[in-house]
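What follows is the residue order along each chain.
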Amino acid sequence: MNISVELTFSPLQDDFESHIIDFIKSLRASGLTILENPLSTQVFGEFSQVMKVLNKEIEKAFELMDKGLLYMKIVKSDRSEYEPHF
């Protein structure tokens, strides 16, 4: 089963930028389909593989910071080819 995940990662500390950059670079290196925009990062792929990567990378990112917040939305379908029709 394929899924699409939208992540918004917000370290709640002053030195946040490097944490976000490292997190996104790790996702890029995972081999999954990744789309980025200024407000979120989207990850697409097979459920178990996406969740395995996210579990590892979220835990690693949280260990490297004092406080952080991660919003995650999961859709049961691959929306990587979505194009708005307006």
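Everything numeric here is computed off the predicted structure, so don't read it as measured data. Counting of residues starts from 1 at the beginning of each chain's written sequence and follows it residue by residue. Only residues with pLDDT of at least 70 are given local features in this predicted model, and only at 80 or more are side-chain atom pairs given and counted; all residues enter the totals for whole chains, interfaces and linings. With hydrogens and water stripped out, all remaining heavy atoms of the structure feed into the side-chain values.

Attention now moves to the pattern of salt bridges. When charged atoms on two side chains of opposite charge get close, those side chains can pair. Here a salt bridge means any side-chain nitrogen of Lys or Arg lying within 4 Å of a carboxyl oxygen belonging to Asp or Glu. Tallying each qualifying case throughout the model produces 4 salt bridges. Here Lys56 makes a salt bridge to Glu57, at a shortest N to O gap of 3.8 Å. Exposed residues in this analysis have more than 50% of their type's maximum accessible area, buried residues have under 20%, and partly exposed residues fall in between, with area computed by a 1.4 Å probe over protein chains only. Take Lys56: its relative accessible area is 53%, and that puts it in the exposed class. According to the relative accessible area criterion, Glu57 is buried, its value standing at 6%. The shortest N-O distance in the salt bridge between Lys60 and Glu57 comes to 3.1 Å. Residue Lys60 and its partner Glu57 are both found in helix 2 (residues 47-63); the two are separated by 3 residues, about one turn of the helix. Given a relative accessible area of 36%, Lys60 falls into the partly exposed group. Overlapping salt bridges bring together Lys56, Glu57 and Lys60 as one network. Helix and strand assignments follow DSSP, with helices taken as H or I runs no shorter than four residues and strands as E runs no shorter than two, numbered in order from the N terminus.

Axis lines are fitted to C-alpha atoms, over the contacting stretch for helices. Their N-to-C directions set the angle, which ranges from 0 to 180 degrees. The contact between helix 1 (residues 17-28) and helix 2 brings their axes to 10 Å, and the two run at 160°. Classified by the interaxial angle, the pair formed by helix 1 and helix 2 is roughly antiparallel. With respect to the hand of their crossing, helix 1 and helix 2 are arranged in right-handed fashion. For the pair helix 1 and helix 2, the contacting residues are Phe23, Ser26 and Leu27 in the first and Val53, Leu54, Glu57, Ile58, Lys60 and Ala61 in the second. When describing relative orientation, an angle under 35 degrees is termed roughly parallel and one over 145 degrees roughly antiparallel, while 65 to 115 degrees is termed roughly perpendicular and anything else oblique. It is the rotation of the near helix from the far one that decides the hand of a crossing: anticlockwise by less than a right angle makes it left-handed, clockwise makes it right-handed. Contacts were defined at the residue level, with two residues in contact if any of their heavy atoms lie within 4.5 Å.

Here we come to the packing of aromatic side chains. Centre distance within 6.5 Å is the pairing criterion for rings of Phe, Tyr and Trp, where only the six-membered ring of Trp is used; planes under 30 degrees apart are then read as stacked, over 60 as edge-to-face, and the remainder as tilted. Evaluation of the coordinates by the stated rule reveals 2 aromatic pairs. Here the aromatic rings of Phe9 and Phe23 are separated by 4.9 Å at their centres, their planes lie at 45°, and the arrangement is tilted. Here Phe9, found in strand 1 (residues 2-11), pairs with Phe23, found in helix 1; they are 14 residues apart in sequence, far enough to count as distant. Accessibility classification places Phe9 together with Phe23 in one group, the buried group.

The next thing to look at is the pairing of strand 3 (residues 41-46). When DSSP finds at least two bridges between two strands, those strands are taken to pair. As judged from the 6 bridges shared by strand 1 and strand 3, these two strands associate in the antiparallel manner. Following the sheet pairing, Glu6 is matched in strand 3 by Gln42. As paired elements, strand 2 (residues 33-36) and strand 3 share 4 bridges and run antiparallel to each other. Directly across from Leu35, in strand 3, lies its bridge partner Gln42. Between strand 2 and strand 3, which pair antiparallel in sequence order, lie 4 residues.

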